[in-house]
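Fold and geometry: a report
One-letter residues, chain by chain:
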Amino acid sequence: MNEIGVVKNSILKPEDPFKMKKETSRIIIHKRYEEGLYKIDNSEYLQILFYFHEAERKKELKGPVYTGEVKGVFASRSQHRPSPIGLTTVKLLKRDGRILKVEGLDAISGTPVIDIKPFALPMDTHEIERIKEEVYMRDPRIKIMRLIRCWDLKTLLQEAAILHGHYCPGLAFGVMAGAYVIKETGWKNDGMENMFIITETNNCSSDGIQFVTGCTFGNNSLIFRDIGKIAFTVIYRNGEGIRLFLKKDLREIFNEDEEYFELFEKIIKRREGNDEDMERFKNLARKMSFKIISMEVHDLFKFNHIKMEIPDQARIYDDFICPKCQERVIKTRSIKKNGNLYCISCDNAEFYELNGFGIQKRNKSYE
Ligand SMILES: [Zn+2]
Ligand SMILES: [Zn+2]
């Protein structure tokens, strides 16, 4: 085997491969192999074979991978293997003589490269797309789990903002709390009530934690307790849970950002202020949210491990057609009158409503 080149980048020791793959690397091809690069620019992606020159020569064929999970060496991409060869597909950004600038190489600086092959075959590409499709179909939360594992709170916050509509400190707190518990415990939400969250207030933070944990209003794993605290509990089906609450007031964290608090009073509390104020306020809130996610979780939250009785799985009840409005209603929400079942709205009976004021008892006549 010959060393055809060497990797140069800013990675000095192996770390989370997904973090490493975000780096841009240069592969310096040795002069005597330069001719072999002829027409390499035609390929957008390359497969790089490299030598794990610093890997320990372990005898064990099984061991923990970077997530902590134990796997056999041939079932993992571990650097400790009988033939210490790495294989990674990278994006070729630029060729400059015998220097290849690539993105996505999970190799440390100084790694010897032993071969390069183009990754442009329609068959290979097709296979990748098919595999990706299959993985996303099987586990729709795989991307979020990866972002949590790499502690990429920036992308998580950006994606949570798609749901929330704006960036704000509350959203950042929710994202951080949810990501922290999942990263620490390794709990995986299957969307079928194997995991729950309890939020104790209906503010921005509940969107952040719903998005990150996947415990939502719609899949019956969001429990809302109307008690007005910025606190979250994440509970697993085995009854183990973690409750987190903010130990600092926003003022303590951002005591120098007086303008934010003034605008908050004006726009949110007094519902005053013009479009320009709103724009300023949104900008400041966005800056704060990204500052929050760069902070230490333990500086912001207090944690308690708890044991809890898990709620029974939500029941599905029969429904019927209300004879008055002809709409379909769940039987447990019906009113019996003169031997007939009616819906709550047709009967003007009271019901509970979750709105901006919390859980409220209402009836149709308030409308
Ligand atoms: Zn918000
Ligand atoms: Zn009705």
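Presented here is an overview of the structure given in this document. Being a predicted model, the structure only gives us computed values, none of them experimental. (Residues numbered from 1 in each chain as written. Chains lettered and ligands numbered in written order. Predicted model: local features only at pLDDT ≥ 70, side-chain atom pairs only at ≥ 80, totals over all residues. Heavy atoms only, no water.)

1. Here we look at the coordination of the zinc ion (ligand 1)
Selection criterion: Distances define the donors: N, O and S atoms within 2.8 Å of the metal qualify, as do those within 3.2 Å of Na, K or Ca. Water is excluded, so some sites may look unfinished. All geometry calls rest on donor angles, where a four-donor set with angles between 85 and 135 degrees is tetrahedral, four- and six-donor sets with opposite donors more than 155 degrees apart and all others between 65 and 115 are square planar and octahedral, and all else is irregular. A run of DSSP states H or I qualifies as a helix once it reaches four residues; a run of E qualifies as a strand once it reaches two. Both are numbered from the N-terminal end. In this scheme, a residue with accessible area under 20% of its type's maximum is buried, one over 50% is exposed, and one in between is partly exposed, where area comes from a 1.4 Å probe on protein chains only.
Distances from the zinc ion (ligand 1) to its protein donors, namely His164 (NE2), His166 (NE2), Cys168 (SG) and Cys204 (SG), fall within the range 2.0 to 2.2 Å. Here the zinc ion (ligand 1) binds four donor atoms, and the angle range of 91 to 129° at the metal identifies the geometry as tetrahedral. Each donor residue of the zinc ion (ligand 1) belongs to the same chain, and together they define the spacing H-x1-H-x1-C-x35-C. Placement of His166 in the loop between helix H4 (153-164) and helix H5 (169-185) and of Cys204 in helix H6 (residues 204-213) is noted, with a sequence separation of 38 residues between them. Using a relative accessible area of 31% as the deciding quantity, one classes His166 as partly exposed.

2. Quick look at a nonpolar patch on the surface
Heads up, the condition is: Only residues above 30% relative accessible area that lack a salt bridge enter a patch, with like-charged residues linked at up to 9 Å and the nonpolar side chains Val, Leu, Ile, Met, Phe, Trp and Tyr linked at up to 5 Å. Values of accessible area rely on a 1.4 Å probe in the Shrake-Rupley scheme; residue burial ignores everything except the protein chains shown. Each salt bridge in this description consists of a side-chain nitrogen of Lys or Arg and a carboxyl oxygen of Asp or Glu lying within 4 Å of one another.
Nonpolar side chains collect at one region of the surface, where Phe217, Tyr352, Leu354 and Ile359 lie side by side and expose about 490 Å² of accessible area between them. Mapped onto the secondary structure, Phe217 falls in the loop between H6 and strand E10 (222-224). Overall, the relative accessible area of 66% leaves Phe217 in the exposed class.

3. Some details on H6
For H6, the tally of buried residues reaches eight of ten residues, placing the bulk of the element in the interior. If you check which residues of H6 are buried, you get Ser205, Ser206, Gly208, Ile209, Gln210, Phe211, Val212 and Thr213. Backbone geometry just downstream of H6 places Gly214 in the positive-phi region, at approximately 75°.

4. What about the environment of Ile306?
The test is simple: When checking whether two residues touch, look at their non-hydrogen atoms; a contact exists if any pair is within 4.5 Å.
Summarising the element assignment, Ile306 is placed in strand E13 (residues 301-307). Linking Ile306 and Arg243, residues 63 residues apart in sequence, is a C-alpha distance of 7.0 Å. In contact with Ile306, other than residues within four places in its own chain, are Thr233, Gly239, Glu240, Gly241 and Ile242.

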